[in-house]
Amino acid sequence: MTWLAILSVALISSCKKNQPATGGGSGSASAPMVTSGGGAVTINGSGSTFQKAFQESAIEAFTKANPNIKINYGGGGSGKGRQDLADMVVDFAGADAPYKDADLAKNKGGEILYFPILLGAITLSYNLDGVDKLQLSPETAAKIFQRDIKKWNDPAIAADNPGVKLPATDIVVAHRADGSGTTENFTAWLDQAGGGNWKLKSGATVEWPADTQAGQGNSGVAQIITSTKGAIGYVDQSDAKASGLHYATVKNAAGKYIEPTADSVSAAGAGIDVKDNLLFSAINAKGDTSYPITYQTWVIVYAKQTDKDKGAAVKNYIKYLITDGQKLLPELDFAPLPKPLQDKAVAQLDKIQV
Amino acid sequence: MDLRGKRAYADTAFRWLVIGAASLVLLILAYIAVSMTGRALPVLQHMGVLEFIKSKRWSPADQLFGALPFIWGTLFTAAIAVAIAVPISLGVALFVTQIAPRRWRMPIVYVMDLLAVVPSVVFGLWGVMVLSQHFHLGRSFMTAGIILAIMITPIITSLAREVIETTPQNEKEAALALGATKWEMIKGAVWPHSKGGLVGAVMLGLGRAMGETIAVALVIGSSLGQITLHALSPGNSMPAVIANEWGEADDLHKSALIALAVLLFVITIAVNLVANAIVQRSIARSRGK
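Residues numbered from 1 in each chain as written. Chains lettered and ligands numbered in written order. Predicted model: local features only at pLDDT ≥ 70, side-chain atom pairs only at ≥ 80, totals over all residues.

Enquirer: Would you mind going over the overall build of chain B in detail, with residue names and values included?
Expert: Scanning chain B for helices and strands turns up 11 helices and 2 strands. Reading the secondary structure of chain B in the N-to-C direction produces α-α-β-β-α-α-α-α-α-α-α-α-α. A principal-axis box enclosing the C-alpha atoms of chain B has dimensions of 70 × 65 × 35 Å. Considering chain B as a whole, with its 289 residues, one finds that 38% of them fall into the buried category. Counting only contacts in chain B whose residues sit at least 6 apart along the sequence, the fraction spanning at least 24 positions is 74%. (Helix = DSSP H or I, 4+ residues; strand = E, 2+ residues; numbered from the N terminus. Buried ≥ 20, exposed ≤ 12 C-beta atoms within 10 Å, placed from the backbone. Contact = placed C-beta atoms within 7 Å.)

The following block contains the structure:
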């Protein structure tokens with residue numbers, strides 16, 4: 001896929017060069033003049049696969065309205081996106097986690113800006129005959145995913161589910177085989193909310209117990225759950241819905257069991273502290289109606305754009321993502337930015353210097 | 001005179017062209033080795049070379065990188081693969097060359113060669129959907145070993161077939177003329193003649209099995225720190241862990257994955273060198289006696 005993107009970019013840019021320069025041939029008419037006079041601009045992004053579905057829909061809608069702009073978004077993971085932007089291989093990066101402070105100096109293009117674009121839920125999806133509704137507290141979830149609890153009728157699970165008849169089925173834990181921002185955010189929730197029960201730390205790669213199962217990507221984990229009785233795993237909501245999985249309601253910081261919906265996810269985004277640079281974590285947000293395993297993703301760009309036409313296109317596209325493009329989100333099972341956060345992001349657009 | 005000058009010119013040009021091609025390959029190999037080792041240095045300094053190779057814990061969160069479980073997984077799955085593939089490959093090769101009626105040979109050879117061109121990701125997905133679910137093998141060393149066995153069988157078979165076919169016809173006929181059965185003929189004439197070549201064929205299959213990435217990454221289970229002889233437990237291999245963790249790895253973690261790649265590079269080269277030595281020695285011995 002990446003190869004295709006690179007190839008198409010190369011083809012397009014070479015086509016552009018071959019076009020005869022329109023307008024005055026006085027010699028001063030260079031390539032940028034041609035493009036600003038109606039030629040095509042191509043901007044490239046890469047990174048987070050979590051926001052890829054949104055990027056694809058947004059690109060389709062945006063380029064339909066702006067036929068002179070072409071946008072490519074390749075996945076590859078948040079880490080790849082950050083690296084590509086640092087090396088200035090792409091014009092923008094998608095990432096579910098920010099740069100580490102120590103790495104900021106390696107960014108070749110100087111100061112960067114973070115634009116939050118959406119919020120999403122990580123579900124606790126399961127496959128258990130006869131149990132359509134399941135409630136889980138973070139303490140119990142930590143014990144399950146760490147294999148301290150091995151049967152579905154364990155007293156800890158029963159305590160979370162008064163009145164529900166739980167079978168004595170063995171629990172099968174499914175997790176990601178590949179390094180993933182979803183794993184990082186999910187384990188951050190277990191770490192923060194699990195009341196000290198979680199011992200495996202938070203990260204993109206985790207030392208899971210040996211008697212667990214691993215699948216590639218969200219869809220790989222969903223596939224294990226679908227095909228295994230007694231399985232439970234963490235899957236982002238759009239993949240969980242696409243695979244028709246049941247998922248648990250999860251106990252939030254206020255002690256309420258909340259179902260992941262666009263509203264409860266947006267509510268999590270409203271109950272958080274946002275820094276001046278628009279960095280925040282929506283994990284375990286306060287508020288009665290917040291879904292606790294909510295995570296976020298950013299588009300990252302350089303504040304100083306070197307190419308006038310590309311810079312303008314990038315700015316317009318990000319503006320679209322955080323304003324009109326937000327309407328595309330519910331259909332993709334993502335939640336839009338809450339109003340205060342959206343306002344801050346729109347205000348930050350002025351910091352992109354074209 | 002003129003013609004000869006032209007010929008000499010073409011000859012020289014051709015000579016340099018092939019020398020260039022040959023040295024380019026060596027240069028690329030050297031460049032890969034040097035640049036990869038350079039990028040592996042941070043983790044080797046952080047862990048120490050010996051610690052990196054023999055330590056069992058791989059924990060990016062704690063900045064601890066021990067490659068032993070992945071080395072084990074690579075060797076273990078390759079060993080399972082070879083154990084399954086060798087009897088099948090040799091059986092097919094002997095059947096095709098010694099037993100099968102002439103008109104059966106081409107179709108069998110053709111189907112075996114076809115198996116060799118199936119992309120590995122197809123085997124991997126089949127392993128996930130069928131072996132791990134319908135046959136309840138889970139995602140484990142065993143599943144990976146079986147998939148690898150299917151992948152290396154055509155390679156070993158096709159090499160073994162060629163090696164066996166080089167057995168001189170008169171030796172085979174001599175054996176049969178002395179009243180040997182087919183089995184005795186194979187044991188007495190074919191086997192001593194082709195032993196070295198067959199070991200080479202198996203070693204090449206082994207090399208392929210150790211380097212296979214995507215099919216193994218899909219079915220091995222991606223469990224960290226597993227060093228066990230229990231074939232049905234999930235594990236990990238060097239190429240699989242590189243493919244799985246590269247996307248979200250930070251600096252030191254990346255360096256550790258590159259160090260794994262260098263290690264894999266060294267191990268596969270060592271296996272091939274040993275294979276070559278065995279083949280050469282057995283050829284020399286059969287000529288000497």
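Enquirer: Describe the overall build of chain A, and please don't skip the residues or the numbers.
Expert: Along the backbone of chain A there are 12 helices and 12 strands. Across the 354 residues in chain A, those meeting the buried criterion constitute 48%. A separation of at least 24 residues holds for 71% of the contacts in chain A among residues at least 6 apart in sequence.

Enquirer: Outline the packing of helix α6 (residues 141–165) of chain B against helix α8 (residues 182–211) of chain B, supporting the account with residue identities and numerical values.
Expert: How two helices sit against one another is set out by the angle between their axes and by the gap between those axes. All names here are of chain B. The N-to-C vectors of α6 and α8 enclose an angle of 150°; their axes lie 9 Å apart at closest approach. Looking at the two axes, α6 sits roughly antiparallel to α8. Both α6 and α8 take part in a crossing whose hand is right-handed. The residues of α8 that touch α6, namely those facing Leu148, Ile152, Ile155, Ile156, Leu159, Ala160, Val163 and Ile164, are Val190, Ser194, Gly197, Leu198, Ala201, Val202, Leu204, Gly205, Arg208 and Ala209. Looking at side-chain class alone, the contact of α6 with α8 contains 14 nonpolar, 3 polar and 1 charged residues. (Axes fitted to C-alpha atoms, helices over the stretch in contact; angles between N-to-C directions. Parallel < 35°, antiparallel > 145°, perpendicular 65-115°, else oblique. Left-handed = near helix turned anticlockwise from the far one by under 90°. Nonpolar A, V, L, I, M, F, W, Y, C, P; charged D, E, K, R; others polar.)

Enquirer: So what's going on with the sheet that holds strand β5 (residues 135–136) of chain A? Which residues, and what values?
Expert: Residue and element names in this part refer to chain A. Read from one edge of the open sheet, 3 strands run β5-β10-β11, paired in mixed fashion. The open sheet terminates on both sides in strands that have one partner only, identified here as β5 and β11 (257–258). Note that β5 and strand β10 (residues 249–251) share 2 bridges and pair parallel. Residue pairing across strands places Leu136 opposite Val250, the latter belonging to β10. (Pairing = 2+ DSSP bridges.)

Enquirer: Please provide a residue-by-residue account of the interface of chain B and chain A, values included.
Expert: Between chain B and chain A, the residue contacts involve 20 residues of the former and 23 residues of the latter. Here the residues of the side of chain B that touches chain A are counted per class, giving 6 nonpolar, 10 polar and 4 charged.

Enquirer: Got a sec to walk through the confidence of the model for chain B? Specific residues and values, please.
Expert: All names here are of chain B. Mean pLDDT over chain B: 90, with 96% of residues reaching 70 or higher. Ranking the elements of chain B by mean pLDDT puts helix α11 (residues 251–288) last, at 83, and helix α3 (residues 68–99) first, at 95. Overall fold confidence for the complex sits at a pTM of 0.81, while the interface term, ipTM, reaches 0.77. (pLDDT = per-residue confidence, 0-100.)

Enquirer: Can you break down the environment of Thr169 of chain A residue by residue, with the values?
Expert: All names here are of chain A. Tracing the sequence through the fold places Thr169 in the loop between α6 (155–160) and β6 (172–176). Between the C-alpha atom of Thr169 and that of Ile149, which follows or precedes it by 20 residues, the distance is 12 Å. Setting aside chain neighbours within four positions, we find Thr169 in contact with Leu128, Trp152, Lys229 and Gly230.

Enquirer: Mind laying out the pairing of strand β12 (residues 294–302) of chain A, listing which residues take part and the relevant values?
Expert: All names here are of chain A. The buried fraction of β12 is high, at 9 of 9 residues. Pairing analysis gives 3 bridges linking strand β3 (residues 92–95) to β12, with the strands arranged antiparallel. Within β12, the position partnered with Ala95 by the bridge is Trp298. Across 9 bridges, strand β4 (residues 112–126) lies against β12 in antiparallel orientation. Looking at β12, one finds that Ala121 is bridged to Thr294.

Enquirer: Run through the nonpolar core, naming residues and quoting values.
Expert: Residues Leu124, Val299 and Ile300 of chain A are the most contacted members of the largest nonpolar core, which totals 83 residues. No other element matches the 10 residues that β4 of chain A contributes to this core. Counting residues in hydrophobic clusters, the runner-up holds 68 residues, among them Ala189, Ala201, Val216 and Ala217 of chain B. (Core = buried A, V, L, I, M, F, W, Y, C linked by C-beta atoms within 7 Å.)

Enquirer: Kindly report on helix α8 (residues 217–227) of chain A, identifying the contributing residues and their values.
Expert: Among all positions of α8 of chain A, only Asn218, Gly220, Val221, Ala222, Gln223, Ile224 and Ile225 of chain A are buried. Packed against the buried residues of α8 of chain A are β4, β6, α7 (181–193), β7 (213–215), β8 (231–236) and α9 (237–242) of chain A.

Enquirer: Outline the environment of Ile267 of chain B, supporting the account with residue identities and numerical values.
Expert: Looking at the secondary structure, you find Ile267 of chain B in helix α11. A count of 17 C-beta atoms within 10 Å places Ile267 of chain B in the partly exposed class.

Enquirer: Describe the pairing of β6 of chain A, and please don't skip the residues or the numbers.
Expert: Residue and element names in this part refer to chain A. Across the 5 residues that make up β6, a large majority, 5, are buried. Here β6 runs beside β8; their pairing, made up of 3 bridges, is parallel. Counted as the bridge partner of Val172 is Ala231 from β8. Sheet topology places β6 next to β7; 3 bridges connect them, and they run parallel. Its bridge partner being in β7, Ala174 is matched across the sheet by Gln213.

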